[in-house]
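Chain residues, written in single-letter form:
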Amino acid sequence: MNIVQKKWRAFRRLPLKNKILLISLVAVLVLFIIAVVTTVIFANTLSSKARIMNRNNTGVTLLDRNGQVFYQFYAARADTHVPLSEIAPVARQAIISAEDKGFYEHAGFSIQGIANAVWQNIKPGGLDSGGSTITQQLVKNALLSQDRNLLRKYQELVLSIEIERRYSKDEILEMYLNSVHFGEGVFGIEDAAQTYFGKHAKELTLAEASMLAGIIPAPSIYSPISGDATKAKQRQTYVLRRMQEDGVITTAQKDEALAAALTYAPVKPASAAKAPHFAEMVRLELIKKYGEETVARSGYKVKTTLNLDYQQKAEAAVAAQVDRLSRSSVSNGSVVIEDPKTGEVLAVVGSRDWNNEQFGKVNIATSSRQPGSSFKPLVYATGIEEKTLSAATILHDKKTDFGGGYSPNNYDLRFRGDVTVRRALANSLNIPAVEAMQRVGIRDVIAQAKEMGITTLTESPEFYGLPLALGAGQAKLTEMTNAYAAFANQGSLPEQHLVLSIDDKYDDRVFTAQTKTSQAISSQTAFIMSSMLSDNSARSETFGSSLTLSGGRLGAVKTGTTEDYRDAWTIGYTPSLVIGVWIGNNDNTPMSRVAGSSGSAPIWRNLMNQLLTNTPKEPFIEAAGLFTRNICYGSGALADTKGTNTYSEYFRSGTLPTKTCNQPQPKKEVTPVTPPKEEESSNEEENDQTPDTGNDTDNNENSEGENTDSNQNSGNGGGNGATTPVTPPITIP
């Protein structure tokens, strides 16, 4: 028996009282050791007020993927420390009432606050909040990480007691007021007073001081400049009420402060302001991951996925097209460029002009808009994935009442009779798209869209109805672009991300991105979708060569236009690049007959041709398990023999048509009495195959006519052409 076992047996034989005493002594010893070690580690820092306030090397620097700085925020100034005597008394009182009523009485910690913190850590979903004193906040913000665990909370307690031992209450309050984060990239009350009100901290009024005090818990939310003005007012009301309850102001003073109209100083532009919407997306992602206080103090150097060259080309393309279409009531545009293999966002144009006072700061790329016919590929992909449809499934382009009087039209108000899924999708026909939705099922389409990263379809299937096929729901350009990335990436959906790595102020690596993917659809379905969406011949019936890339390069692409021309979309891809484009107006006012094909498609084609120059041509990789068969034009049936009326089509196992066509004439017999014998058609499909039933239902998207693709004469909306389709080159090079 070893010594550990002997000690354990001896412990088990002890009376319960002795066991409790022994465990308590060990716990006290461990806590004592932690306290000593923590104090030693931070001894040098605790000896300096400047180090405690941790004002140096704050802020965040953003670099593009090639190491070029393009944006900086949260940069504090180091020369704005003010003594307590230079801070208005009402400001000191407001912050004490709001943050730590018993500041001048406690020894640096609050028993109630500690108990609450312990409970928050124990209970499921608990938050690291409630009861931290001003001294604890100073320690937490300046010295410790934001990790939510009991060890960090205990270290916070130890260091708070040590600071209280070394410094007076006024000194602690002065350090806190000169280092606390007030949002808008500023630390300390002097910077805050200058930034928000254009005055010194000693000049703050009760109304202004209570507003600043209310910002501290969540500056990005409560800032009256860039946050929620209503919530900011609610916070100010809370602070004034606490001050009244603490007896530092009267009811009359509270009411007067609440009624005072506050005038804010003009916002200063950020430094190195390139790709501002992309930078803001990164900032919000960092805050979500680490918390605003940590980010603001971090000194992070963030290497992003941004390609500044792509960004500049995208901004120029949007500006030129929006300016060209300004006479057609177009005021804004947006672009998202992504690597479909990794999910790295290479460029984001959130608006035509960041400095536009009306809508420049709104990021259309992350806003919810109706996608029009650009949603149709998700409908067809669902059907092909479920083997309800194939590229050769026959749909019916004729006047159809789908129930309840819903009878969509094509953009040109024409009917083409029986059409294959390939022809219907390539030419953006609405009626077949709605039929496809009806066959596949709205619920299944919504489920598949969510699998492909669409988060905006939160209502019931009945809410959307069949018009969802034509893009009557809501979607974000970032998410739609990423969904198409799954088509480009053999069905594997990449996790869209903006950051490659993060280094802290000490040049230590704190984060490295890893490519993450999930299989959203099968590789077979993805390839068939890429085949149809890159079929220049099939879509020439409607779009001519307007979507054809230069140099013989294949690009898979779909346009979309919403009702009354309120939105014009184009999303397309090659195996290594996916680009989503939106054109329209932020206020949702209609454009003057600007469709996806004429509004957003030129930007897409322009950027694709520019960015792919001097890069190798890449084929879409044919998925294992697919096979080809000859199909007769017009009927979608299997051809017995290859001929001038047939073309080659891709199929998944179990989706071959059951009908045959192009059967040879019966052989003539010597005896005329003998009836001719028909030859059996060759069908190598498995016996368990199901009939190919495709569904092309493109609901009334006003994409060119009716609802989103019904009235485009040369774009998004439907396909106008001869009854016999143009021979499509099916094989992907």
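A few words on the overall build of the protein. Regarding its fold elements, the protein presents 27 helices and 20 strands. Across the 733 residues in the protein, those meeting the buried criterion constitute 54%. Taking the contacts inside the protein whose residues are at least 6 apart along the sequence as the reference set, 73% of them involve residues at least 24 apart.

Our focus in this paragraph is the pattern of salt bridges. Applying the stated criterion across every chain, the model contains 25 salt bridges. Notably, a salt bridge pairs Asp412 with Arg416, separated by 2.6 Å at the nearest N-O pair. Exposure class is identical for Asp412 and Arg416. Each is buried. Residues joined by salt bridges that share partners form a network here, namely Asp397, Asp412, Arg416, Arg423 and Glu541.

A separate point is the sheet that holds strand β3 (residues 300–304). The five strands are arranged β2-β1-β3-β11-β12 in an open sheet whose pairing can be described as mixed. What marks the edges here is a single partner per strand, and that holds for β2 (69–73) and β12 (509–512). Within this sheet the neighbouring strands show an average axis-to-axis angle of 15°, counted without direction. Strand direction decides the pairing type here: β3 and strand β11 (residues 499–503), joined by four bridges, are antiparallel. Each residue of the ladder has a partner; that of Thr304, found in β11, is Val499.

Most of strand β15 (residues 567–574) sits inside the fold, with eight of its eight residues counted as buried. By the bridge criterion, six bridges tie strand β14 (residues 556–561) to β15 in an arrangement that is antiparallel. Across the sheet, Gly560 pairs through a bridge with Trp569, a residue of β15. Hairpin connection from β14 to β15: five residues lie between these consecutive antiparallel strands, with Asp564 at a positive phi of about 60°. Taken together, the eight bridges between β15 and strand β16 (residues 577–584) define a ladder with antiparallel strand orientation. The residue of β16 that forms the bridge with Tyr573 is Val578. Between β15 and β16, which pair antiparallel and follow one another directly, the connecting turn spans two residues.

Interhelical geometry of helix α5 (residues 89–99) versus helix α11 (residues 206–215) gives an angle of 35° and a closest axis separation of 9 Å. Here α5 and α11 pass one another in a crossing that is right-handed. On α11, the residues that touch Val90, Ala91, Ala94, Ile95, Ala98 and Glu99 of α5 are Leu206, Ala209, Ser210 and Ala213. For the contact of α5 with α11, the residue count by class is eight nonpolar, one polar and one charged.

Buried residues dominate helix α25 (residues 536–543), accounting for seven of its eight residues. If you check which residues of α25 are buried, you get Asn536, Ser537, Ala538, Arg539, Glu541, Thr542 and Phe543. Just downstream of α25 lies Gly544, where phi reads positive at about 60°.

All right, on to the state of the cysteines then. A complete count under the given rule lists one disulfide for this structure. At a sulfur-sulfur separation of 1.9 Å, the disulfide partner of Cys632 is Cys661. Every disulfide takes its handedness from the sign of the S-S torsion; for Cys632 and Cys661 that torsion is 100°, giving right-handed. In this pair, Cys632 sits in strand β17 (residues 627–632) while Cys661 sits in strand β20 (residues 660–661), placing the two residues 29 residues apart along the sequence. A relative accessible area of 4% places Cys632 in the buried class. Residue Cys661 is classed as buried on the basis of its relative accessible area of 12%.

The topology assignment puts Val445 in helix α21 (residues 442–451). A relative accessible area of 0% means that Val445 is categorised as buried. When residues no more than four places from it in sequence are discounted, the contact partners of Val445 are Phe375, Val379, Thr382, Met437 and Val440.

When pLDDT is averaged along the protein, the result is 84; 80% of the residues meet or exceed 70. Below pLDDT 50 for its whole length, residues 125–130 participates in 11 contacts with residues either more than four positions away or in separate chains. Considering only residues more than four positions removed or in separate chains, one finds that residues 669–733, a stretch of pLDDT under 50, has 312 contacts.

Another aspect to go through is the packing of helix α18 (residues 376–385) against α21. Look at α18 against α21: their axes get within 9 Å of each other, and the N-to-C directions meet at 100°. By the criterion of interaxial angle, the relationship of α18 to α21 is roughly perpendicular. Mapping the contact onto sequence places Leu378, Val379, Thr382 and Glu385 in α18 and Asp444, Val445, Gln448 and Ala449 in α21. Its residues assigned to classes, the contact of α18 with α21 comprises four nonpolar, two polar and two charged.

Two descriptors summarise a pair of aromatic rings, namely the distance from one centre to the other and the angle between the planes of the rings. Taken as a whole and judged by the stated rule, the model has 14 aromatic pairs. Consider the rings of Tyr573 and Phe620, whose centres lie 5.6 Å apart with planes at 80°: the pair is edge-to-face. Of the two residues, Tyr573 is situated in strand β15 and Phe620 in the loop between α27 (601–611) and β17; the sequence distance between them amounts to 47 residues. Taken as a pair, Tyr573 and Phe620 share a single burial class, namely buried. A cation over a ring is seen here: Lys169 above Phe103, with NZ or CZ 4.6 Å from the ring centre. Geometry around Tyr222 places Arg235 over its ring, the cationic atom sitting 5.4 Å from the centre.

Right, let's get into helix α24 (residues 523–533). Most of α24 sits out of view: 10 of its 11 residues are buried. Along α24, the positions that sit buried rather than exposed are Gln524, Thr525, Ala526, Phe527, Ile528, Met529, Ser530, Ser531, Met532 and Leu533.

Right, let's talk about the environment of Gly634 for a bit. Mapping Gly634 onto the fold places it in the loop between β17 and β18 (638–639). Considering only alpha carbons, one finds Gly634 and Val419, 215 residues apart in sequence, at a separation of 6.5 Å. Here Gly634 is in contact with Ile394 and Asp418, once residues within four sequence places are set aside.

Thresholds, definitions, all that
- Residue indices begin from 1 for each chain and proceed along its sequence in written order.
- With pLDDT at 70 or above as the cut-off, local features in this predicted model cover only qualifying residues; side-chain atom pairs require 80 or more to be listed or tallied, and sums for whole chains, interfaces and linings still use all residues.
- For side-chain calculations, the full set of non-hydrogen atoms in the structure is used, while hydrogens and water are omitted.
- The secondary structure listing takes helices from DSSP runs of H or I that are at least 4 residues long and strands from runs of E that are at least 2 residues long, numbered from the N terminus.
- Each residue gets one of three labels from its accessible area relative to the maximum for its type: buried under 20%, exposed over 50%, partly exposed in between, using a 1.4 Å probe on protein chains only.
- Here a residue-residue contact requires only that any non-hydrogen atoms of the pair lie within 4.5 Å.
- Salt bridges are counted wherever a side-chain nitrogen of Lys or Arg sits within 4 Å of a carboxyl oxygen of Asp or Glu.
- We treat two strands as partners when DSSP finds at least two bridges between them.
- Whenever a helix is involved, its axis is fitted only over the stretch in contact; in every case the axis is a line through C-alpha atoms, and angles between N-to-C directions fall within 0 to 180 degrees.
- Helix crossings fall into two classes, left-handed where the near helix is turned counterclockwise from the far one by less than a right angle and right-handed where it is turned clockwise.
- Residues are grouped as follows: Ala, Val, Leu, Ile, Met, Phe, Trp, Tyr, Cys and Pro are nonpolar; Asp, Glu, Lys and Arg are charged; all remaining types, including Gly, are polar.
- Two cysteine sulfurs form a disulfide in these notes if their separation is within 2.5 Å.
- One number per residue, pLDDT, summarises how confident the predictor is, and it ranges from 0 to 100.
- In this scheme, roughly parallel covers angles under 35 degrees and roughly antiparallel covers those over 145, while 65 to 115 is roughly perpendicular and the rest are oblique.
- Any two of the Phe, Tyr and Trp rings considered here, Trp counted by its six-membered ring, make a pair once their centres fall within 6.5 Å; the pair's planes then place it as stacked at under 30 degrees, edge-to-face at over 60, or tilted in between.
- In this scheme, Lys NZ or Arg CZ marks a charge over a ring once it lies within 6 Å of the ring centre and within 35 degrees of the ring normal.

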